[in-house]
Amino acid sequence: MLKFNRSLLFSSLALCSSAWACGPDFPMMLSSDRAHTFAALTEPVFLVEVQALAAAVPSLVSEPSKPGDTVFADSYDYQNERWVSATEQAEQQLLSKEQALIVQQMRQSATVQQALAAGETLAAELRFYTAAAVAFAQKDDQQAIALFRQVLALPLEQQQQRRSWALYSLSRVLLRQYDVDHRAEVATLYNQLQQEVAAGLADPLQLAVASLGEQAKLAKQQGDWTTAIALYAAQSRWSESGRASLLWLSKELAAMPDQELMPLVQTPAVAGLLSRYLMTQFSALSYMDPDQLQRLLAVLNQVPDIQLHNATQLAVAAYQQGQFALVEQLLPHLDQTALAFTLRAKMALKAGDSSKAAEFYAKASKSFAPELSQTKVVPVQQDYYSKLSIEDLQRQHYCRVQAEHGIVELSRGDYLQAISLLTAAGMEYWQDTAYIAERVLTLDELTSFVALHPVAAVPEKSEWHYFGDTPVELLLHHLTARRLMRAGHYQQAQAYFVDPELKQLAKRYQSYAEAAKSSWTDNAKAQALFEQAKLAREHGLELLGFELAPDYQVFYGQLEPYEDDVKAATLPLAELQRLGSSAPKYNSRFHYRHFAADLSAQAAELVPQNSQAFVATLCHSTKWLLIRQPELAKAYYQHYLQHGPYVSWGAEFGQNCPEPDFVAAKQRQYDNWQQQLRQSVRPFKMPIYAAAVLVVVGLGALLWRRRQKQGRAL
């Protein structure tokens, strides 16, 4: 019975599923579960791996440079709810309206003669080819052969629109002649088609690529597995048909009993295909047919030559199945590919040697083609029918190697090297990059690092997309700006906001924060604090929000991934200390709401408690926390009930809050001072009155005496 390393199996399945799953946990953070990251080997891609088996053929698909170079493929017409063949599209788009209409009428003809008559006004190549197509559809092979040959007999300059079509179609109809062996001529026609297309002949239907599959099919029918595999692999470079055909061959081989399979695997091409199938289909086979995994691995390891020439592929398959002793046995024979170096790194990590693992990851990165290391956003697969190119798949592998290397360096404590590697890994691993930038690096380390990664070009606002294709450099700048804002470095933060609107908002925020500290009167401070609070509440995610927890600006605050606090205990001590230093003051979802509520509550303490502004500021504090933190909101409400005055809108406190009237609060402050003065002198009212009377009497007596003296003098 087959036995697996269960944790490794589940890890591999999780890695495979993450490429297709939707939701806030994907792409997952490699840094959140490092044991999983270090143990799991990303499943290689079948399409990429089989390129090593491909026959050497010239490039059969070129970049379109003129309208005639347009390439067509079968597609679905959603408006009319039908499939439209590549041939129909080409005839409608590459011909004039008049020509397209005549060709359509010819194809609807009941006989070849009617088709030829309908196309009398067309160029000879269009007329002969379309009539031949009618004969082909009616299984009139002799007439079809004759007409296809007429097309190819025309002067070359008169058959450029249909030459590739005629070469391919003639080959197909010849193969239907079972009474005569036309295989030699068909091979010549296919080779001629491929050579001419490689030399520049227009091939809008990619028939030269299709001819590789036809040649492979013929080779397979003759028992020539080597040629069939090589040609299908070459076809897979440009066509999904080649990849699918190789998968069918692999499944056919895998289904054979051992006694039938063993002679075939002696053929290097067969062994190479089957070993690549085994390591690239692990997740599917472990679910659909797990018994087949160990059987195929055992078969391929029985012959030393097979084991030697496919050591990397067999070692990967052994690692996936948890057969680490076999991996150790194969390690000395691994090749110098990125996959082999990555496997060596995994084994080094398993042995606890992170230094050696980092060395192997570095070698894996260097083994890729130089162009793959250039910064480029890998396209996101939009639907089932859109496929990534081989180059994009290889770039994804390169980015994965860079990212895993970065996590190794993170665990080793080389934080700047870690963020450098993860930045190079691109947007798919942005959450890991953000984790280091936001929580692990000091603010000085972060600003120094970001200075080395300027934003090359500022995209238009309509082109920004926070879920996959925004450049990492731009996101790094905004993350740094928000971290500086949280630290109170408002002026410095404005330089890192790339978005002009955010620059202006940050400038306003700075003016309110500075006014709250520098204003002379409590009323002015309260007004500045409340304006700062409103800005923090309304634009806190953009100005102050954390890229990851607790705000998740990375998802624009719309999603909240599950947090596993248990895993934090396994982090290195130095990293944990840094996490403590960078932890949010308000460790709650949308922390800036709590911060805004506190600012508004501070404003309330600076205005008279019997003012409308006191009630209104506490109302806003309550409103901003009522849904997510009702206990804190209740505390603000209780404070209002204990100290605030009655207001007509009190029944809607915390739900509908008016703007604080700070002008009235200022007047209320003056009125309160007058009232306090009156109250302070009230206990001394009678003595004050008596003293006033004495003063008046004394002044009167003094005046009387002065007049008496003046009278005597006269």
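Let me begin by describing the structure that accompanies this report.

Reading the values: rules and limits
Residues numbered from 1 in each chain as written. Predicted model: local features only at pLDDT ≥ 70, side-chain atom pairs only at ≥ 80, totals over all residues. Heavy atoms only, no water. Helix = DSSP H or I, 4+ residues; strand = E, 2+ residues; numbered from the N terminus. Buried < 20%, exposed > 50% of the residue type's maximum accessible area, 1.4 Å probe, protein only. Axes fitted to C-alpha atoms, helices over the stretch in contact; angles between N-to-C directions. Parallel < 35°, antiparallel > 145°, perpendicular 65-115°, else oblique. Left-handed = near helix turned anticlockwise from the far one by under 90°. Contact = heavy atoms within 4.5 Å. Salt bridge = Lys/Arg side-chain N within 4 Å of Asp/Glu carboxyl O.

For the rest of this paragraph, the subject is the environment of L273. Structurally, L273 can be placed in helix α15 (residues 268–280). Taking relative accessible area as the criterion, L273 reaches 0% and is therefore assigned buried. As a C-alpha pair, L273 and L249 span 24 residues in sequence and 8.7 Å in three-dimensional space.

Turning our attention to unusual backbone geometry. Backbone torsion omega between A549 and P550 reads 5°, so that peptide bond is classified as cis. Mapped onto the elements, P550 comes out in the loop between α30 (522–543) and α31 (573–581). Here the phi dihedral of Q206 falls at roughly 55°; this positive angle occurs in a residue that is not glycine. Assignment of secondary structure puts Q206 in the loop between α10 (183–198) and α11 (207–221). Residue F590 is not a glycine yet carries a positive backbone phi of 55°. Within the fold, F590 resides in the loop between α31 and α32 (591–604).

So, on to the packing of helix α26 (residues 443–451) against helix α27 (residues 472–486). Each pair of packed helices can be described by the angle between their axes along with the distance between the axes. Contact geometry of α26 with α27 gives a least axis separation of 10 Å together with a crossing angle of 150°. Between α26 and α27, the interaxial angle falls into the category roughly antiparallel. Considering the relative orientation of α26 and α27, their crossing is left-handed. Here α26 contributes L443, L446, T447, F449 and V450 to the contact with α27, which in turn contributes L476, H477, L479, T480, R483 and L484.

Turning to the pattern of salt bridges, a few remarks are in order. A complete count under the given rule lists 22 salt bridges for this structure. A salt bridge links E531 to K534; its shortest N-O distance comes to 3.8 Å. Taken together, the residues E531 and K534, both in helix α30 and 3 residues apart, mark about one turn of the helix. Residue class for K534 comes out buried when judged on its relative accessible area of 17%. Put simply, E659 and K534 hold a salt bridge, and the shortest N to O gap is 3.1 Å. With E659 in the loop between α34 (630–643) and α35 (662–681) and K534 in helix α30, this pair connects stretches of sequence that are 125 residues apart. When salt bridges that share partners are traced, they join K346, R400 and E404 into one network.

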